[in-house]
Amino acid sequence: MKHKKSARKYAASGKLKQAIQARHKHQKLKKQIERRKGSRKSDGKFQSSDKRPTHGDEEEEEEEEEESTIHKGKNGKNAVEFDGSSDEGGLGGGDDASDESEASDDEDGSFASVDDLEDEDGGATHLVQLSKLAEKDPEFYKYLQENDKELLEFNLDEKMDGISDDDMEVGIPSGDEDDDEGTPTLTLEILRGWQKAILEHRSLRALRKLLVAFRAASYTNDEEANVAWIINNSTVFDKVVTTALKYTPLVLDHHIPYRKLQNGRYKPPLQSAKQQTLTRLVSTFFMSILRLLSQITDPQLLVTCLVESANLVPYIVGNRKVVKAYLKTCLGLWSSPNIDTKDEMETEDQDDSGSDKVRISAFLCMRKIALGNDESLLEMVLKGTYTTFLRNCKSTSVHSLPAINLMKNTGADIYSINLATSYQHAFGYIRQLAVTLRNTLKAKPASSKEPEKSGQGKSKKSSGEPYKQVYNWQFVHAVDFWSQLLSRNCESDLESELRPLIYPLVQVTLGAVKLVPTVRYYPLHLHLISSLLDLSRHTHTYIPLPPYLLAILTSLVSITKPKPSTLKPLDLEVIIRVPTSYLKTRVLLDNIIDEVIYLLSEWGAGVQNSIAFPELIVPVLVSLKRCIKITKQSGHRGKGSGSGGDERPAKAIKTLIERLEEGREWVEERRKHVKFAPNDRSQVDKWQNAVKVGETPVGKYAAVLKKTRERNRKLLEKARRGEEEYLRQ
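Every value quoted in this text rests on a predicted model; they were computed, and no experiment measured them.

What counts, and at which threshold
- Residues numbered from 1 in each chain as written.
- Predicted model: local features only at pLDDT ≥ 70, side-chain atom pairs only at ≥ 80, totals over all residues.
- Heavy atoms only, no water.
- Helix = DSSP H or I, 4+ residues; strand = E, 2+ residues; numbered from the N terminus.
- Buried < 20%, exposed > 50% of the residue type's maximum accessible area, 1.4 Å probe, protein only.
- Contact = heavy atoms within 4.5 Å.
- Areas by Shrake-Rupley, 256 points an atom, 1.4 Å probe, with all protein chains shown as cover.
- Expected span 1.5 Å × (residues − 1).
- Polar contact = N/O pair within 3.5 Å; in protein donor to acceptor, adjacent residues only side chain to side chain.
- pLDDT = per-residue confidence, 0-100.
- Salt bridge = Lys/Arg side-chain N within 4 Å of Asp/Glu carboxyl O.
- Axes fitted to C-alpha atoms, helices over the stretch in contact; angles between N-to-C directions.
- Parallel < 35°, antiparallel > 145°, perpendicular 65-115°, else oblique.
- Left-handed = near helix turned anticlockwise from the far one by under 90°.
- Nonpolar A, V, L, I, M, F, W, Y, C, P; charged D, E, K, R; others polar.
- Phe/Tyr/Trp six-rings, centres within 6.5 Å; stacked < 30°, edge-to-face > 60°.
- Core = buried A, V, L, I, M, F, W, Y, C linked by side-chain atoms within 4.5 Å.
- Patch = residues over 30% accessible without salt bridge, like charges linked within 9 Å, V, L, I, M, F, W, Y side chains within 5 Å.
- Lys, Arg positive; Asp, Glu negative; His and termini not counted.
- Charge placed at Lys NZ, Arg CZ, Asp CG, Glu CD.

### Section: the overall build of the protein chain
Across its full length, the protein chain carries 30 helices and two strands. Taking all 729 residues of the protein chain together, 47% fall into the buried category. Taking the intrachain contacts of the protein chain between residues at least 6 apart in sequence as the baseline, contacts between residues at least 24 apart amount to 75%. Surface accessibility of the protein chain: about 37,200 Å² in total, with carbon and sulfur atoms responsible for 49%.

In structure tokens form, the structure reads like this:
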């Protein structure tokens, strides 16, 4: 009998022989299992007292082999339980015990049910292939009937009871588990077998074994925990962790891929029996990840866990308890200062971005959760981001300021994902600032001199110091955060959904500036004005800031005969309240006057492109000239620490006046050729957009002051580290 060419070619390739051998091996194993089942029934030794919630009585014969992979306790349940009572319970922290009890109850079902899932999926696929074979190649189908009839009589309803994972799964070594009593030791050879099975077959059983080993790795430091594997090698530990984190997304994407949308958004996988089973598996895996994140300190391993776990977020968005615990852990890492460098003081010359890898990775995980197609998840991330940010900015120093600035930038990015939802949160939080300011204004202090006597370090706000509810770092950083958010989203979009929030934020901030107008809190006033200045420049909104700056300048130049001092210059970026020893000293006056001059130049550069610039600066020039007269009368040019140092405020003010007058003449010269009326807004906007601020007199002057400011800041940083002495130029 002649066979078709394709059938002969298939037989010559050896694949037919392999299929027949695999079938014969299967039959042989089935007979051995049946004999073993008969012996068990006669002896009665292997009957289990505790049945698994996801398996029936027909799977009792697998318990002997499962004991070598999952170590059982006295009650028959997994001895390893997820204890989330430390800090992975969730944002609220009230359901920790219930979360972990449910997670431990589902562990057997989460892992063991994967076997049945793979059996059903493989059997169904095999039946479909056999049915198509008779239609596509009838001659080859007839050849199989003659040589291996049992292969065509494959029955999906037959139970594969008692067949071990090693015998059923191609590519997994049969000797990866010890037959002797006791917990087996995990080796690199066993791990390579799992890797091969996952890469070649996307095996769910191999993934299950790998995640069981990962769970054992997460309990390495717990001596009382009974784990399925012993990991006594750091190389094996690192390999298990990285393999589980990198290979799990490959298997899940093959079996239950999630839908990717535009702008990084996604939708979870479609509902199915396989999806529900694998989701439980991933949820259990995430609990192990959370435990591991709470224990490891290696920054590289932390980054790997965060980055790779972010790829699994679409599979757990349906389990809110796991999402809350995961988000809480990410928020803790995102807000932890100097988490990844123990000797940061010794390595500050290195790139600053290297010390922020863990915080940035945690931010990316938070952003991944927020990008889901579920608005409730976004609201949970927004609320957690802002509250965590406020909790971690109660105090500010040169060491914590970089981390706070990073939280501001990344937090503003999260709030920019969905402006409609962010508007509701931003409105509520800005209103909260307004209510705090209103309550402070209504409260009556014990005495008018209380602000001058009160200290900054008290944590509780006494009834005699109501202003401290506003005059603190949390209020300052909150205003700056909302200013950054509005500046980012309203700069190019004139119809942004967040633009209506500019007015209430400006009103609240200016009200806080006017609350306690004393020299001691001038640094705080400058912080708030600087935030409004950035908001005005980026949103193209005019904010009347010069009156507040000129009031500070007039107050300082009115001080008669400032005291000479050898104190080091103040770093105004990290203080909001002037120490008592600096009051009425030359060092304080020079620092604050330089800052006021810089902010006035920045404001002038921001309005230099306005066609009404000559009219806008008239009151500013009048006030500045009055300050020069006060300087001559108040003794700033008299006896002091030196004639050169005493003339600095007057010289700085004169230079600013000259640059503003040059800018006025520059605009007036360009206005001579204008042929449109002021009410023609389109032509006015076109004229203003054509002006390049960097080429204007005030713009150039502001750029020079900015470079000088940066140079002085670097000198202060060197003086703080003790490398060089700070020399004021």
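### With respect to unusual backbone geometry
One non-glycine residue, His-540, adopts positive backbone phi at about 55 degrees. If you trace the backbone, His-540 turns up in the loop between helix H22 (522-539) and helix H23 (546-557). The backbone of Lys-584 shows a phi angle near 60 degrees, a positive value even though the residue is not glycine. Of note, Lys-584 is situated in the loop between H23 and helix H24 (586-607). In this structure Lys-584 comes out as exposed when scored by relative accessible area, which is 55%.

### Concerning H22
Its 18 residues place the ends of H22 26 Å apart at the C-alpha level, agreeing with the 26 Å of an ideal helix rising 1.5 Å per residue. Of all 18 residues in H22, 14 are buried, a share of seventy percent or more. Of the residues flanking the end of H22, it is His-540, one or two places downstream, whose phi is positive at about 55 degrees.

### Considerations on the environment of Pro-402
For Pro-402, the location among the structural elements is in helix H17 (residues 401-415). Overall, Pro-402 belongs to the partly exposed group, its relative accessible area being 48%. As for Pro-402 and Pro-337, which are separated by 65 residues in sequence, their C-alpha atoms are 8.5 Å apart.

### Some details on the side chain of Ser-531
Of note, Ser-531 is situated in helix H22. Within the structure, the side chain of Ser-531 is placed 2.9 Å from the side chain of Asp-480, a separation counted as a polar contact. If near-sequence neighbours (up to four positions away) are discounted, Ser-531 is found in contact with Val-479, Asp-480 and Ser-483.

### So, the confidence of the model for the protein chain
Per-residue confidence for the protein chain gives a mean pLDDT of 77, with 71% of residues at or over 70. Considering each helix and strand of the protein chain separately, the mean pLDDT is smallest for helix H8 (residues 165-168), with a value of 35, and largest for helix H21 (residues 502-513), with 96. Counting contacts from residues 638-645, a segment whose pLDDT is below 50, to residues more than four positions away or on other chains yields seven contacts.

### What about the pattern of salt bridges?
Tallied over the full model, the rule gives 20 salt bridges. One salt bridge connects Glu-189 with Arg-192, and the closest N-O pair in it is separated by 3.9 Å. On the criterion of helical spacing, the pair formed by Glu-189 and Arg-192 is a turn pair, its members being three residues apart in helix H9 (residues 188-201). The exposed category is assigned to Glu-189, whose relative accessible area is 54%. Here Arg-488 ties to Asp-413 by a salt bridge, and the two come within 3.9 Å at their closest N and O atoms.

### With respect to the packing of helix H10 (residues 204-218) against helix H12 (residues 273-293)
The interhelical angle for the contact between H10 and H12, taken along N-to-C directions, is 25 degrees, at an axis separation of 9 Å. It follows from the interaxial angle that H10 and H12 lie roughly parallel. Note that H10 runs across H12; the crossing there is left-handed. Across the interface between the two elements, Leu-204, Leu-207, Leu-211, Phe-214, Arg-215, Ala-217 and Ser-218 from H10 touch Leu-278, Leu-281, Thr-284, Phe-285, Ser-288, Ile-289, Arg-291 and Leu-292 from H12. Considered class by class, the residues forming the contact of H10 with H12 number ten nonpolar, three polar and two charged.

### A closer look at H17
For H17, with 15 residues, the first-to-last C-alpha span of 21 Å sits near the 21 Å given by 1.5 Å per residue. Every buried residue belonging to H17 is among Leu-401, Ala-403, Ile-404, Leu-406, Met-407, Lys-408, Thr-410, Gly-411, Ala-412, Ile-414 and Tyr-415, and all of these are buried. Turning to H17, the residues buried within the fold contact helix H14 (320-334), helix H15 (357-370), helix H16 (375-391), helix H18 (419-442) and helix H20 (473-490).

### Considerations on the packing of aromatic side chains
Under the counting rule described, the total for this entry stands at 17 aromatic pairs. Measuring from ring centre to ring centre gives 5.0 Å for Phe-286 and Tyr-326, while their planes differ by 90 degrees; the resulting arrangement is edge-to-face. Here Phe-286, found in helix H12, pairs with Tyr-326, found in helix H14; they are 40 residues apart in sequence, far enough to count as distant. The burial state of Phe-286 is the same as that of Tyr-326; both residues are buried. Plain terms: the ring middles of Tyr-423 and Phe-427 are 6.2 Å apart, the flat faces sit at 25 degrees to each other, and that makes the pair stacked.

### Quick notes on the nonpolar core
Generally speaking, a soluble globular protein has its nonpolar side chains buried in company with each other. Counting residues in hydrophobic clusters, the biggest one holds 180 residues, and the most contacted among them are Trp-482 and Leu-624. Ranked by the residues each element gives to this core, the list is headed by H24, at 13 residues. Leave out the neighbours within four places in its chain, and Trp-482 touches Tyr-386, Tyr-415, Ala-426, Tyr-429, Ile-430, Leu-433 and Leu-505.

### Some thoughts on the packing of H16 against H20
Taken N-terminus to C-terminus, the directions of H16 and H20 make an angle of 140 degrees; their axes are 9 Å apart at the nearest point. Considering the angle they form, H16 stands oblique to H20. Classified by chirality, the crossing of H20 by H16 is right-handed. Note on element contacts: H20 touches H16 through Gln-474, His-477, Ala-478, Phe-481 and Trp-482, opposite Tyr-386, Phe-389, Leu-390 and Arg-391. Classifying every residue of the contact of H16 with H20 by side-chain character gives six nonpolar, two polar and one charged.

### Description of a positive patch on the surface
A cluster of basic residues, Arg-626, Lys-629, Lys-632 and Lys-654, forms a positive patch on the protein surface. Broken down by element, the positive patch gets its largest block of residues, three residues, from helix H26 (residues 618-633). When you line up the elements, Lys-654 lands in helix H28 (residues 648-671).

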